[in-house]
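Topology and contacts: notes
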Amino acid sequence: MALGFVRRHPLATAGILVGAVGIAGSRVESRLDPAGWNPPDPPAMTGPLNSNRSLTGRETVVECEGPEDVAFDDDGRLYTGTEDGAVVRTTEPVDDGTTNAELEPFADTGGRALGMEFDGEDLLVAATGAGLLSIDPAGEVTTLSSSAGGRDIVFADDLHVADDGTVYFTDATVHELFQDELFELQDTGRLLAYHPDSGETTVELEDLGFANGVCPHEDGESLLITETSRYRITRYYVDGDRAGESEVFAENLPGYPDNIEVAGDGDHWVAIPSLRDSTLDGLHRVPWLKRQLGKLPEAVLEQVSGDAYGLVLRLDSEGNIVESLHDPTGGVFGVTSATPHDGALYLGSLFGYRVVRCPLE
């Protein structure tokens, strides 16, 4: 799930700030209870972050509204979610030459399908407003989990199926409006685990800053979880001598980290839907002003826009950025997932209208 792209980017503009200051003395209740934070200056876009056009002009594979993530079945068909809560798939296998593939309905999640991954023949989906779902080959939807730790799962976001069948998935925030988590910084995200043998869902890790993407580390003992609102990635140990422990894996990233995928050779692909914004970094130092933003209608924050920019990072097994793929033109923008498949990355976008393919040369 992205915390920003363009046209619905949550960052505050001058007009929004003026409006917030104007109602500061009003008796309108704020829906935000913001914390203060002094974020570090973003890294310089040099070295492995140097701008390039690796993503510019890439082909459109499918067109639909809000394809946040993709998955492929054994036949090579591409599956993705749409803005209206549906899961759709291509009618034919996708290969190197496929462009503008035809889509067909597959299932209705009753929420908003975000992260997805196959577990055998069944497609598992993390869906906001619905929880963790399993969809069989006929499109029949079963809810696996809708609450954990005495709390509803409000914002199921991404998932990973472990070798033992455990499904690790994120519950990003307690807020239905994801921008509110970004401004509040109350770190209400969680890493959850669904145990298929018992049907139980356990809380593995709490106090995460918009818990977003999740994938395994090469050590086989830990998972990586992106914390979008904190510009970092956390490593959580699920096995071995350090089971139950967590540590920072990468921090002070140049943008909002979204989904994360295994890239091979111990590396990982991290989708960055939006670069960081100095206005928001400044707001974090002034929590009283963020509180005033919580008095504005939700629709106001939803429509704030920022610059369109395409960015995917490659991190090594130690959390160092070793490569970056860019589209500074904004033709490819708001990238929320970068899924490797048959020698290419398939890029999803929660607020975009297409999935694009970037060959890995």
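None of these values were measured; they are calculated from a predicted model. (Residues numbered from 1 in each chain as written. Predicted model: local features only at pLDDT ≥ 70, side-chain atom pairs only at ≥ 80, totals over all residues. Heavy atoms only, no water.)

Concerning the overall build of the protein
Check the secondary structure of the protein and you find 5 helices and 26 strands. For the protein, whose C-alpha radius of gyration is 19 Å, the value lies close to the compact-globule estimate of 21 Å for 361 residues. Taken along the three principal axes of its C-alpha coordinates, the protein extends 60 × 45 × 40 Å. Sorting the 361 residues of the protein into buried and exposed places 57% on the buried side. Counting contacts in the protein only where the partners sit at least 6 residues apart, residues at least 24 apart contribute 58% of the total. Put simply, the protein shows about 14,100 Å² of open surface, and 43% of that area lies on carbon and sulfur atoms. (Helix = DSSP H or I, 4+ residues; strand = E, 2+ residues; numbered from the N terminus. Rg over C-alpha atoms; globule rule 2.2 N^0.38 Å. Buried < 20%, exposed > 50% of the residue type's maximum accessible area, 1.4 Å probe, protein only. Contact = heavy atoms within 4.5 Å. Areas by Shrake-Rupley, 256 points an atom, 1.4 Å probe, with all protein chains shown as cover.)

With respect to the sheet that holds strand S14 (residues 189-195)
With respect to topology, 4 strands assemble into an open sheet ordered S12-S13-S14-S15, the strand pairing being antiparallel. Edge positions in the open sheet fall to strand S12 (156-161) and strand S15 (200-208), since each of these has one partner strand only. Geometrically, the sheet is characterised by an average inter-axis angle of 20° between neighbouring strands, direction not taken into account. (Pairing = 2+ DSSP bridges. Axes fitted to C-alpha atoms, helices over the stretch in contact; angles between N-to-C directions.)

Topic: the pattern of salt bridges
All told, the structure shown has 16 salt bridges when counted by the stated rule. Of the charged contacts in the structure, one is a salt bridge between Arg151 and Asp171, with a shortest N-O distance of 3.7 Å. Taken as a pair, Arg151 in strand S11 (residues 151-152) and Asp171 in strand S13 (residues 167-171) lie far apart in primary sequence, 20 residues in all. Residue classification places Arg151 among the partly exposed residues on the basis of a relative accessible area of 25%. With relative accessibility at 0%, the residue Asp171 sits in the buried group. Across the pair Asp267 and Arg314 runs a salt bridge, and its minimum N-O distance is 2.9 Å. Separated by 47 residues along the polypeptide, Asp267 in strand S21 (residues 267-272) and Arg314 in strand S22 (residues 310-315) bring together distant segments of the chain. (Salt bridge = Lys/Arg side-chain N within 4 Å of Asp/Glu carboxyl O.)

Here we look at the confidence of the model for the protein
A residue-level look at the protein finds 91% of positions with pLDDT of 70 or above and a mean pLDDT of 92. The model gives residues 2-14 a pLDDT under 50, and that stretch makes 68 contacts with residues more than four places away or in other chains. (pLDDT = per-residue confidence, 0-100.)

Quick look at unusual backbone geometry
One non-glycine residue with positive phi stands out, namely Asn100, at about 45°. We note that Tyr231 has phi near 55°; this positive angle belongs to a residue other than glycine. With respect to the element layout, Tyr231 can be found in the loop between strand S17 (222-227) and strand S18 (232-237).

Focus on the side chain of His326
Positionally, His326 belongs in strand S23 (residues 321-327). Among the polar contacts listed, one links the side chain of His326 to the backbone oxygen of Leu49, at a separation of 3.4 Å. At a separation of 2.8 Å, a polar atom in the side chain of His326 contacts the side chain of Tyr309. (Polar contact = N/O pair within 3.5 Å; in protein donor to acceptor, adjacent residues only side chain to side chain.)

Comments concerning the packing of aromatic side chains
Under the definition given, this model contains 7 aromatic pairs. Ring geometry for Tyr79 and Phe118: centres 5.1 Å apart, planes at 80°, overall edge-to-face. Note that Tyr79 is positioned in strand S3 (residues 78-81) and Phe118 in strand S6 (residues 112-119), a separation of 39 residues in sequence. Residues Tyr231 and Tyr256 carry aromatic rings whose centres are separated by 5.6 Å and whose planes lie at 70° to one another, so their mutual orientation is edge-to-face. A residue pair is termed long-range when its members are at least 10 positions apart, and Tyr231 in the loop between S17 and S18 and Tyr256 in the loop between strand S19 (246-250) and strand S20 (260-264) qualify at 25 residues. For Tyr256, a relative accessible area of 0% gives the class buried. The structure contains a cluster of three or more aromatic residues connected by ring pairs, namely Trp37, Tyr231 and Tyr256. (Phe/Tyr/Trp six-rings, centres within 6.5 Å; stacked < 30°, edge-to-face > 60°.)

Topic: the side chain of Arg357
Looking at the secondary structure, you find Arg357 in strand S26 (residues 354-359). A distance of 2.9 Å separates a polar side-chain atom of Arg357 from the backbone oxygen of Asp95. Of the polar contacts made by the side chain of Arg357, one reaches the backbone oxygen of Thr98; its length is 2.7 Å. Not counting residues up to four positions away in its chain, the partners in contact with Arg357 are Arg58, Glu59, Val61, Val94, Asp95, Asp96, Gly97, Thr98, Thr99, Ala344, Leu345 and Tyr346.

Here we look at the environment of Thr201
Note on placement: Thr201 falls in strand S15. A relative accessible area of 13% places Thr201 in the buried class. Those residues in contact with Thr201 that sit more than four places away from it in its chain are Ser145, Ser147, Ala148, Phe169, Leu192, Ala193 and Tyr194. A polar side-chain atom of Thr201 sits 2.7 Å from a polar atom in the side chain of Ser145.

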